[in-house]
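Descriptive analysis of the structure
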Amino acid sequence: MSDLVEKNDDPAILVSGALTSMHLMAAADRYLSEEEVSLIADLLYKVTGVEVGPDEIIASSREIDEKSTGGSIFWQSAFEPYRNLSLSSRGIILKSAMMVALSDGEFHDEEKRTLGDLAGWLGLTPDEYVSVLEQVRDETPGDA
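Analysis parameters
Residues numbered from 1 in each chain as written. Predicted model: local features only at pLDDT ≥ 70, side-chain atom pairs only at ≥ 80, totals over all residues. Heavy atoms only, no water. Helix = DSSP H or I, 4+ residues; strand = E, 2+ residues; numbered from the N terminus. Buried < 20%, exposed > 50% of the residue type's maximum accessible area, 1.4 Å probe, protein only. Contact = heavy atoms within 4.5 Å. Areas by Shrake-Rupley, 256 points an atom, 1.4 Å probe, with all protein chains shown as cover. Arc of directions from axis to C-beta. pLDDT = per-residue confidence, 0-100.

**Notes on the overall build of the protein chain**
When helices and strands are counted, the protein chain shows seven helices and zero strands. Its helices and strands in sequence order give the protein chain the pattern α-α-α-α-α-α-α, from N to C terminus. Per-residue burial over the protein chain gives 45% buried out of 144 residues. Across the protein chain, contacts joining residues at least 24 apart in sequence account for 73% of those joining residues at least 6 apart. Entry remark: accessible area of the protein chain is about 8,000 Å², with carbon and sulfur atoms responsible for 48%.

**Describing helix α4 (residues 72-79)**
When we look at burial in α4, the residues that qualify are F74, W75, A78 and F79. Burial along α4 is one-sided: seen end-on, the buried residues are contained in an arc of 120 degrees. The inward-facing, buried residues of α4 contact α1 (11-26), α3 (54-67), α5 (87-102) and α6 (109-121).

**Notes on the environment of Q135**
Mapped onto the elements of the fold, Q135 is located in helix α7 (residues 126-139). We classify Q135 as partly exposed; its relative accessible area is 31%. In this structure the C-alpha to C-alpha distance between Q135 and K95, which are 40 residues apart in sequence, comes to 8.4 Å.

**Examining the confidence of the model for the protein chain**
Confidence along the protein chain averages 82 in pLDDT terms, with 87% of residues attaining 70 or more. Below pLDDT 50 for its whole length, residues 1-5 participates in 13 contacts with residues either more than four positions away or in separate chains.

**Regarding the environment of F107**
Mapping F107 onto the fold places it in the loop between α5 and α6. Apart from the residues lying within four places of it in its own chain, the contact partners of F107 are A101, L102, K112, L115, Y129, L133 and R137.

Listed below in structure tokens is the structure:
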């Protein structure tokens, strides 16, 4: 687990939050490709230190898809349990989604809106959101 994670944070909750946030970004086109599954697995390991296999990612994706018909109301309630995590862990959840959003080298307006919503759902301030965004941009190769 990352050194940035507070000792009081439950690693399983952090992994669940990171996985949910990455799915939120990857599912924007309503299709989870093999490349996205691989990317999610790699990023999840990078930001949490936990290995999650493709079958678990796909199962989680299906479960989230089945529940997400409520749109914004669903997503707000889906991220409610993660609001109690430390600032560093909530930043990791947001960072996970940002890394998926930036993985194609572009940061689209819809991705920006979704990430802004996610930051709010996680209880992050605008300054905390910008701080995480700048950290991810510094860590992401390319012109993102």
